[in-house]
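# Examining the three-dimensional arrangement
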Amino acid sequence: MNPERKEFKLEGSELVLINLESQDRIVANQGGTSSGKTWSVLQTIILKALREKLHISVCSVSLPHLKKGALLDFTNLLTKYELYDEKFYNKTDNIIRIGKSRIEFFSLDDPGKARGPRRDILFVNECNLVPYETFNQLMLRTRKQVFIDYNPVDENHWIYEKILTRDDCTFIKSTYKDNLFLDRKIAQEIERLKDTDENLWKIYGLGERGQLKSTVYSPWEIVDELPEDGDIFYGLDFGYNVPAALVKCCLKDGNQLYVDELIYQSYLTNSELILLMRDIITPHASIYADAAEPQRIAEIRKAGFNCRAADKSVKDGIDKLKRMKVHLTRRSTNILKERQGYKWKEDASGNLIDEPVKFNDHALDAMRYAVHTHGLRPNGKYAMR
Ligand SMILES: Nc1ncnc2c1ncn2[C@@H]1O[C@H](COP(=O)(O)OP(=O)(O)O)[C@@H](O)[C@H]1O
Ligand SMILES: [Mg+2]
């Protein structure tokens, strides 16, 4: 954030140019997963902020979502362009200054925040997770331009009717193929959907409005915190190129399940994972982990955790989880996203098959391992809870 620095070479895709050149009131970035939506809007914001004095707000559904997402990407971008300077970063209020501009990052979990002071430019990241009323309040308090980005997960979302129909809206659609910087492994993971599920391929691959009529889990209730009492245990799904997911479960009254997302992160080695787990796991509580990686489980046990292989029966696990009344903490944003896109497979004629599509299911698998295995008696029968 060196305010003296006015020029730098920006390596971006065409998406940046289209965002930058739009003169419309709203610029809607719809796209598949990892298409470079968020990066290009943030790059656009940096360029605009250097050109003139602006007050810019970057918002998303919750503070963890913001910190793990847009805010982290933004500081990474500033570092990359040698614009980063601690002096101009107020970490208490999440305000960053570049050039003469001021960029504030805030979350929308408290609807009151949408009624704060005005701004010139607004960016709502993953706008599909934000209620229309909140978005509208923000938009009413924005003088110049509004940028949004989203995956077209929900067929009946307000974005289609209220935003895309406006004549002052630039619509930009992108897919992973527009992202020249994408890790090949992630591109392959996305392309696998072509053969597994047409509809998910349409949404996450092609960035087209989908129909998620057959999600495995119905929406869960959102809570602020886990209860103080209850039976505590954990679920763990390993990953490297895809995120490792650790979830905390608290079971009360037999079927009231409270779930909190603790770790959701790619490129973690097992030792890094163990380090992260040190401070957050209740001592001695059971951790049920992906049985496909006994070596990693053994290492975690050696580090002093009560970690064991989970029962991986998919159908039984899903049935068990579906019988629970699930309450999800507000900060569990990755679980929330996974739930929205997790669906049953369809056969060639569109009939549902009793098997979920294996895609974006890391935290959901961790939940399933935990709940299913914790509920099994030693003889393999369900405990009567
Ligand atoms: N201009 C760029 N330069 C380098 N890497 C990029 C660029 N744009 C995107 N990426 C990489 O691609 C990833 C996905 O881009 P992102 O904007 O987060 O996708 P989306 O928001 O569409 O899901 C980023 O995390 C980053 O690693
Ligand atoms: Mg994004």
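Residues numbered from 1 in each chain as written. Chains lettered and ligands numbered in written order. Predicted model: local features only at pLDDT ≥ 70, side-chain atom pairs only at ≥ 80, totals over all residues. Heavy atoms only, no water.

### Considerations on the sheet that holds strand E15 (residues 325–329)
By way of backbone hydrogen bonds, the strands of a sheet pair with one another, either parallel or antiparallel. Rule in force here: Think of it this way: DSSP has to see at least two bridges between two strands before they count as a pair. A run of DSSP states H or I qualifies as a helix once it reaches four residues; a run of E qualifies as a strand once it reaches two. Both are numbered from the N-terminal end. Axis angles are defined between N-to-C directions and span 0 to 180 degrees, where every axis is a line fitted to C-alpha atoms and, for a helix, only to the segment in contact. Every residue pair with non-hydrogen atoms within 4.5 Å of one another is taken to be in contact.
Overall, mixed pairing links the 7 strands, which are arranged E9-E15-E12-E11-E10-E13-E14 in an open sheet. Strands at the two margins of the open sheet, each flanked by one partner only, are strand E9 (221–223) and strand E14 (306–309). Within the sheet, the average angular offset between the axes of one strand and its neighbour, ignoring direction, is 30 degrees. Of the pairings in the sheet, the one linking strand E10 (residues 231–237) to strand E13 (residues 286–289) comprises 3 bridges and is parallel in character. Paired with Gly235 across the two strands is Tyr288, which belongs to E13. Here helix H13 (residues 333–341) sits on the sheet in contact with E9, strand E11 (244–252), strand E12 (256–265) and E15, set at roughly 105 degrees to E12.

### Things to note about the pairing of E10
Quick note on the threshold: Burial here depends on accessible area, computed with a 1.4 Å probe over protein chains only, as a share of the maximum for the residue type. Under 20% is buried, over 50% is exposed, and the range in between is partly exposed.
In terms of residue burial, E10 counts as a mostly covered element, since 5 of its 7 residues are buried. Across 7 bridges, the pairing between E10 and E11 is antiparallel. Among the inter-strand pairings, Tyr234 is bridged to a residue of E11, identified as Lys248. In this structure, the hairpin formed by E10 and E11 is closed by a connection of 6 residues.

### Quick notes on the domain arrangement of the protein
The condition is simple: Segmentation of the chain into domains, including their bounds, is taken from an automatic or database domain assignment. When two parts are put together, the accessible area they lose, computed with a 1.4 Å probe and summed over both, is reported as buried area. Here, a salt bridge means any side-chain nitrogen of Lys or Arg that lies within 4 Å of a carboxyl oxygen of Asp or Glu. The definition of a polar contact used here is a pair of N or O atoms within 3.5 Å, where within protein one atom must be able to donate a hydrogen and the other to accept one, and adjacent residues in sequence count solely through side-chain atom pairs. Charged means Asp, Glu, Lys or Arg here, nonpolar means Ala, Val, Leu, Ile, Met, Phe, Trp, Tyr, Cys or Pro, and polar covers whatever is left, Gly included.
Here the domain parsing of the protein yields domain 1 (14–184) and domain 2 (221–377). Placing the centre of domain 1 and that of domain 2 at their C-alpha centroids yields a distance of 30 Å. Across the contact, 11 residues belong to domain 1 and 8 residues belong to domain 2. Approximately 810 Å² of surface area, both sides summed, lies buried where domain 1 meets domain 2, with 57% of it carried by carbon and sulfur atoms. Three residues stand out in domain 1 for area buried against domain 2, namely Lys68, Leu129 and Val153, and they jointly supply 40% of the buried area on that side. At the boundary of domain 1 with domain 2, the tally comes to 2 salt bridges. The closest approach of N and O atoms between Glu261 and Lys68, which form a salt bridge, is 2.9 Å. Remark: the boundary between domain 1 and domain 2 carries 3 residue pairs in polar contact (both at pLDDT 80 or more). In terms of residue class, the side of domain 1 that touches domain 2 is made up of 4 nonpolar, 3 polar and 4 charged.

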